[in-house]
Every structure is written in structure tokens, then in C-alpha cells.
Amino acid sequence: RPPRSTPFPYTTLFRSKEEAKEVRGILGRVKRRDFSGNTGQVVRNSGYSLATVMIAKAGSLLFTIILARMLMPELFGLYSLALATIILFSAFSDLGIGSALIVFVSKALSEKNSKKAKTYFKGLLKYKIYLIAISSFALLASAYFIATSYYNKPIFLALLAGGLYLPVVNLLGYLEGVFRAKNIFR
């Protein structure tokens, strides 16, 4: 191997001095608790989102550890198998409607057009309910087939419970999108 003529190029955390200055400004706003203007609102909302995600991840980790200890390997594997199947069906109940809600409703609200925002909300809710009903019905209808296809694993009741769980979780996610569109992150 030929020797290197230049040392390994270490990259800096920030690409430019302007970025570093901007980050220092944001951290200064947090330190002073100055959340005025658009930048302050972004900083505050990002803080709320970060706190929500961190608490949810910590709770999820703790819940998983407790559940794994209670169920032991065999039952925890069955739980994970049922949960993965339910999440797969849940993925088909959104198809970008939550993102569209945030984009279109927030745009209508920024234009001070609440009638248009309500129209977007109702129209997207109709599509969301159709997709949720189809996903939930498909899961309920195929629960027995799926349970027997997984080498006769006893997850039939878990899949039935998942068919009822899907509408609740997806509608709550849709309502969360409304709060994000209205810039309410608390």
C-alpha cells in the first residue's frame, strides 16, 4: 500500500460559519426563552416535538422490556408477530393522507380561509375513513387465514383485537395532524 500523502480529512460539524452562527442564535433564543417571531415559533414547536418523540421512545423501550420479561420468549415472539402484521395493515390506511392534511389545511389557514380548510379536513377525513374501514375489514376478514398460515400460531385473537385497534389509532393520528396544521404542538 502506498502511504497517504494527506491526513484523513476530518469534517466539521457545520458546513460554514453562517450555519454555526445560526445554531448559536437558536441556542441563545432557547437560553433567553425568546420565542417571538417565526423563528421562535419553529424553535418552540421543535422542542415540543422533540420532547414528545423522546418520551414516546423511552416509554416504548420501557414497555417492551417489561412486556418481554412478562411474556418470555415464546409469547413475546407471538406478540411481535401479531403486532408486525397489524402494523402492515395499518400502513395501508394512511397512504399520505396525514401529510396532505398538514400541507393543505395549514396552507388554507395561512391564507385565512377557514372554509377551505374545513373542506380539506372533511374531504380528507372521508378518504381516511374509507381506507381505515378497508384495512380494518381486510385484517378482520383474513385474521383466521393469517393465523393458520403462520404455522398455526395462536395469534387469531390478537389479530381480531388489532382490527379494532386500527381505527382508533389511525383516527387519533389524523386528529394529531390537525393540531400540527394549526401549529399547536403542546
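Residues numbered from 1 in each chain as written. Predicted model: local features only at pLDDT ≥ 70, side-chain atom pairs only at ≥ 80, totals over all residues. Heavy atoms only, no water.

**Here's the deal with a nonpolar patch on the surface**
- Taken together, the side chains of Tyr165, Val168, Val169, Leu172 and Leu175 present a nonpolar region at the surface, about 460 Å² in accessible area.
- Relative accessible area serves as the criterion here: at 33%, Val169 is assigned to the partly exposed category. (Patch = residues over 30% accessible without salt bridge, like charges linked within 9 Å, V, L, I, M, F, W, Y side chains within 5 Å. Areas by Shrake-Rupley, 256 points an atom, 1.4 Å probe, with all protein chains shown as cover. Salt bridge = Lys/Arg side-chain N within 4 Å of Asp/Glu carboxyl O. Buried < 20%, exposed > 50% of the residue type's maximum accessible area, 1.4 Å probe, protein only.)

**Focus on unusual backbone geometry**
- Its identity is not glycine, yet Leu95 carries a phi of approximately 50°, on the positive side.
- You can see Leu95 is positioned in the loop between helix H2 (37-91) and helix H3 (97-110).
- You can call Leu95 exposed: its relative accessible area is 58%.
- Despite not being glycine, Lys112 has its phi angle at roughly 60°, a positive value.
- Looking at where Lys112 falls in the secondary structure, it is placed in the loop between H3 and helix H4 (114-149). (Helix = DSSP H or I, 4+ residues; strand = E, 2+ residues; numbered from the N terminus.)

**Let's talk about the packing of H2 against helix H5 (residues 156-181)**
- One can describe the packing of H2 onto H5 by two numbers: an axis separation of 10 Å at closest approach and a directional angle of 40°. If you check the angle between H2 and H5, you find them oblique. The two elements H2 and H5 cross, and the hand of that crossing is right-handed. The segment H2 lies against H5, with Ala82, Thr85, Ile86, Phe89 and Ser90 engaging Ala158, Leu159, Gly162, Tyr165, Leu166 and Asn170. (Axes fitted to C-alpha atoms, helices over the stretch in contact; angles between N-to-C directions. Parallel < 35°, antiparallel > 145°, perpendicular 65-115°, else oblique. Left-handed = near helix turned anticlockwise from the far one by under 90°. Contact = heavy atoms within 4.5 Å.)

**Quick look at helix H1 (residues 17-32)**
- Between its first and last C-alpha atoms H1 spans 22 Å; for 16 residues at 1.5 Å apiece the expected length is 22 Å, and the two agree.
- Those residues of H1 that sit buried are Ala20, Gly28 and Arg29.
- As for H1, its buried residues are in contact with H2.
- The positive-phi residue at the C-terminal boundary of H1 is Arg33, with phi of around 60°. (Expected span 1.5 Å × (residues − 1).)

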